[in-house]
Amino acid sequence: MFVLTVDQRGSRRDIDRVANLLDELRAAPLLRKFERTAGDEVQAVADDAAVVLDLALNLLDRDNWSIGIGIGPVETPLPAQTRAGRGPAFEHARTAVERAKNAPGRIAADGVDTESASDVDAALTLLATIVSRRTDQGVEAVALARAGLPQAEIATELGISKQAVSQRLLTAGWQAELVGRPLLHRLLERADR
C-alpha cells in the first residue's frame, strides 16, 4: 500500500494552494482521495504503483510541493477519511515528507522494506532532478507527450514546429523520464511486496 503525504513549500510566504490541488486531483484513481490533513498538507492512499508514479510526477511539475511516499501496510478496513488512517505506510509517509523538504528533488520515499524503499528513493531523486530543471515550455510539451500526443500534434497544439517540439522534449529530459518510469514502477511494486 502507498500513502502520499504532500506539503506545500513556502506556504507562509505564499497563497494557500491546497484547495486548488484537491480540486485538480479529485479524479485520481485512489483508495482514499487526497484531503487536507493539516494546514498546508494533503494525504491520499493508493494501491497502484502506476498511480503513485503519475501523481508524483504531476506534483513535481507543479514546483510547490514536498512529496513523501510511504510504502507498507495500513490498518484495514480503511476509514472513510484519509486523515483517520493508520499503519506503517502512514508513518513512513510522514518520515518521507519531512526528508523531502530538504531533498534535492523535493521528493522522498520510505517503507517497511528499507532496502527496497531506499532504491525507490534513489530513483525518485534522479527522476525528480530531471523534472525540476524543466522550463515552463518543457513542462507544457512533456504534459502533452504524457497524454500520448505525437510530436506533430504537440507542435500544432503549441503553435510551434515539430523540430521545436523535439528540441523542447530533448531539453526537458523526456527520454530519461520514459526509461525511468518503468524502472520506478518496478521498484515501487517490489517495495510494496
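These figures come from a predicted structure and were not determined experimentally.

Undergrad: Before we move on, can you summarise unusual backbone geometry with the specific residues and values?
TA: Of all residues except glycine, most have a negative phi; of all peptide bonds, most are trans. A cis geometry characterises the amide bond from T76 onward to P77, with omega recorded as 0°. Note on placement: P77 falls in the loop between β4 (65-71) and α3 (88-100). The phi angle at D63 is positive, at roughly 65°, despite the residue not being glycine. Within the element layout of this structure, D63 appears in the loop between α2 (49-62) and β4. Look at D63 and you get partly exposed, because its relative accessible area is 47%. The residue R106 is not glycine, and still its phi comes out positive at about 65°. Among the secondary structure elements, R106 is positioned in the loop between α3 and β5 (107-111).

Undergrad: Describe in detail the side chain of E177, supporting the description with residues and values.
TA: On the secondary structure map, E177 appears in helix α8 (residues 174-191). One polar contact links E177 to R146, side chain to side chain, over a distance of 2.8 Å. The contact partners of E177, leaving out residues within four places of it in the chain, are L57, L127, V131, R134, V142 and R146.

Undergrad: Give me the lowdown on the layout of surface pockets, citing residues and values where you can.
TA: Computed from the structure, the largest pocket encloses a volume of approximately 170 Å³. In terms of lining, the largest pocket is formed by E24, L25, A27, A28, P29, V51, D54, L55 and N58. Here the lining of the largest pocket gets 4 residues from one element, more than from any other, and that element is α2. Here the lining of the largest pocket is built from residues that sort into 6 nonpolar, 1 polar and 2 charged.

Undergrad: Residue-level account of the sheet that holds strand β2 (residues 32-38), with values.
TA: Strand pairing in a sheet relies on backbone hydrogen bonds. The paired strands run either parallel or antiparallel. Taken together, the 5 strands give an open sheet; going across it, the order is β2-β3-β1-β4-β5, and neighbouring strands pair in mixed fashion. Strands with a single pairing partner mark the edges of an open sheet, and in this sheet they are β2 and β5. Between one strand and the next, the sheet's axes are offset by a mean angle of 20°, whatever the strand orientation. Of the pairings in the sheet, the one linking strand β1 (residues 2-8) to strand β3 (residues 41-46) comprises 6 bridges and is antiparallel in character. Note on β3: the bridge partner recorded for V6 is V42. Sitting on the sheet, α2 touches β1, β2, β3, β4 and β5, and the angle it makes with β4 is about 165°.

Undergrad: Just give me the short version of the pattern of salt bridges, but keep the residues and values in it.
TA: Inspection of every chain in the model, using the stated rule, returns 17 salt bridges. The salt bridge involving E24 is made with R62; its shortest N-O contact spans 2.3 Å. Here E24 is found in helix α1 (residues 18-24), whereas its partner R62 is found in helix α2, with 38 residues between them in sequence. On the basis of relative accessible area, E24 is assigned to the partly exposed category, the value being 48%. Here R62 falls in the partly exposed class, since its relative accessible area comes to 24%. Between E75 and R86 there is a salt bridge, and its shortest N-O distance comes to 3.4 Å.

Undergrad: Outline the packing of helix α5 (residues 136-146) against helix α6 (residues 151-158), supporting the account with residue identities and numerical values.
TA: Contact pair α5 / α6: the axes reach a minimum separation of 10 Å and the direction vectors enclose 135°. For the element pair α5 / α6, the angle class is oblique. Here α5 runs over α6; the crossing is right-handed. On α6, the residues that touch E140, A141, L144 and A145 of α5 are I154, E157 and L158. Residue composition of the contact of α5 with α6, by class: 5 nonpolar, no polar and 2 charged.

Cut-offs and rules
Residues numbered from 1 in each chain as written. Predicted model: local features only at pLDDT ≥ 70, side-chain atom pairs only at ≥ 80, totals over all residues. Heavy atoms only, no water. Helix = DSSP H or I, 4+ residues; strand = E, 2+ residues; numbered from the N terminus. Buried < 20%, exposed > 50% of the residue type's maximum accessible area, 1.4 Å probe, protein only. Polar contact = N/O pair within 3.5 Å; in protein donor to acceptor, adjacent residues only side chain to side chain. Contact = heavy atoms within 4.5 Å. 1 Å grid on protein atoms, 1.4 Å probe; cavity = no way out; pocket = protein on both sides within 12 Å on 5 of 7 lines; lining within 4 Å. Points joined across faces, edges and corners; volume = space filled by probe spheres on them. Nonpolar A, V, L, I, M, F, W, Y, C, P; charged D, E, K, R; others polar. Pairing = 2+ DSSP bridges. Axes fitted to C-alpha atoms, helices over the stretch in contact; angles between N-to-C directions. Salt bridge = Lys/Arg side-chain N within 4 Å of Asp/Glu carboxyl O. Parallel < 35°, antiparallel > 145°, perpendicular 65-115°, else oblique. Left-handed = near helix turned anticlockwise from the far one by under 90°.

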